[in-house]
Amino acid sequence: MVQVTSFLLVLCLALVAPGLSARKCVLTGKWINDLGSTMTIGPVNGDGNFGGSYHTAVSATSNKIQVSPLQGSQHPTKQNSQPTFGFSVKWSFSGSFTVFTGQCF
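Since we're looking at a predicted model, the values are computed, not measured.

A count of helical and extended segments in the protein gives one helix and six strands. In the protein, the succession of α and β elements from N to C terminus is α-β-β-β-β-β-β. Of all 105 residues assigned to the protein, the portion counted as buried reaches 20%. Long-range pairs, those at least 24 residues apart, make up 23% of the contacts in the protein with a sequence separation of at least 6. For the protein, the exposed area adds up to about 7600 Å²; of that, 61% sits on carbon and sulfur atoms.

A word on the sheet that holds strand β5 (residues 84–90). In sheet architecture, strand pairing relies on hydrogen bonds along the backbone and comes in two forms, parallel and antiparallel. Reading across the sheet, the six strands line up as β1-β2-β3-β4-β5-β6 and stay open at both edges, with antiparallel pairing between neighbours. Looking along the sheet, the strands with just one partner apiece sit at the ends: β1 (29–32) and β6 (97–103). Pairs of neighbouring strands in the sheet enclose a mean axial angle of 20 degrees, with direction left out of account. Bridge count for strand β4 (residues 68–74) against β5 is five bridges, and the pairing is antiparallel.

Once that is clear, we can look at the nonpolar core. Counting residues in hydrophobic clusters, the biggest one holds 13 residues, and the most contacted among them are Leu27, Met39, Phe50, Tyr54, Leu70, Phe87 and Val89. Elements represented by at least two residues in this core include exactly β2 (38–41), β3 (49–55) and β5. Of the residues forming this core, the biggest block, three residues, is contributed by β5.

Once that is clear, we can look at the layout of surface pockets. Considering only enclosed or pocket space, the second largest pocket measures out at about 160 Å³ in volume. Lining the second largest pocket, in full, are Trp31, Ile32, Asn33, Ser37, Thr38, Met39, Tyr54, Phe85, Phe87, Phe100 and Thr101. Where the lining of the second largest pocket is concerned, the elements lending two or more residues are β1, β2, β5 and β6.

Across four bridges, the pairing between β1 and β2 is antiparallel. Across the sheet, Ile32 pairs through a bridge with Thr38, a residue of β2. Adjacent in sequence and paired antiparallel, β1 and β2 are bridged by five residues, among which Gly36 carries a positive phi angle near 95 degrees.

About the thresholds
Residues numbered from 1 in each chain as written. Predicted model: local features only at pLDDT ≥ 70, side-chain atom pairs only at ≥ 80, totals over all residues. Heavy atoms only, no water. Helix = DSSP H or I, 4+ residues; strand = E, 2+ residues; numbered from the N terminus. Buried < 20%, exposed > 50% of the residue type's maximum accessible area, 1.4 Å probe, protein only. Contact = heavy atoms within 4.5 Å. Areas by Shrake-Rupley, 256 points an atom, 1.4 Å probe, with all protein chains shown as cover. Pairing = 2+ DSSP bridges. Axes fitted to C-alpha atoms, helices over the stretch in contact; angles between N-to-C directions. Core = buried A, V, L, I, M, F, W, Y, C linked by side-chain atoms within 4.5 Å. 1 Å grid on protein atoms, 1.4 Å probe; cavity = no way out; pocket = protein on both sides within 12 Å on 5 of 7 lines; lining within 4 Å. Points joined across faces, edges and corners; volume = space filled by probe spheres on them.

So this is what it looks like as structure tokens:
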């Protein structure tokens, strides 16, 4: 029974481990938050930089809300399996900007 249990444990590790090591932080795509704001992030280049757009669903201004550009950076995933990232949005409809930070888990 011990040999069968050991074999099953090794088999499970062999099947599960490649999936765990292949996981990485993928920011690229369309993101929607709880308030209905949408963000689209383009591909992250080799230096960890990316661009995209943000369309907020909430604003404190009476100006018409417009899609706004974002620029960001992510630590290379090779250095950290749970990399940090940050991006800023320059609001197209006001004179302000917002900075966001996060970490992939």
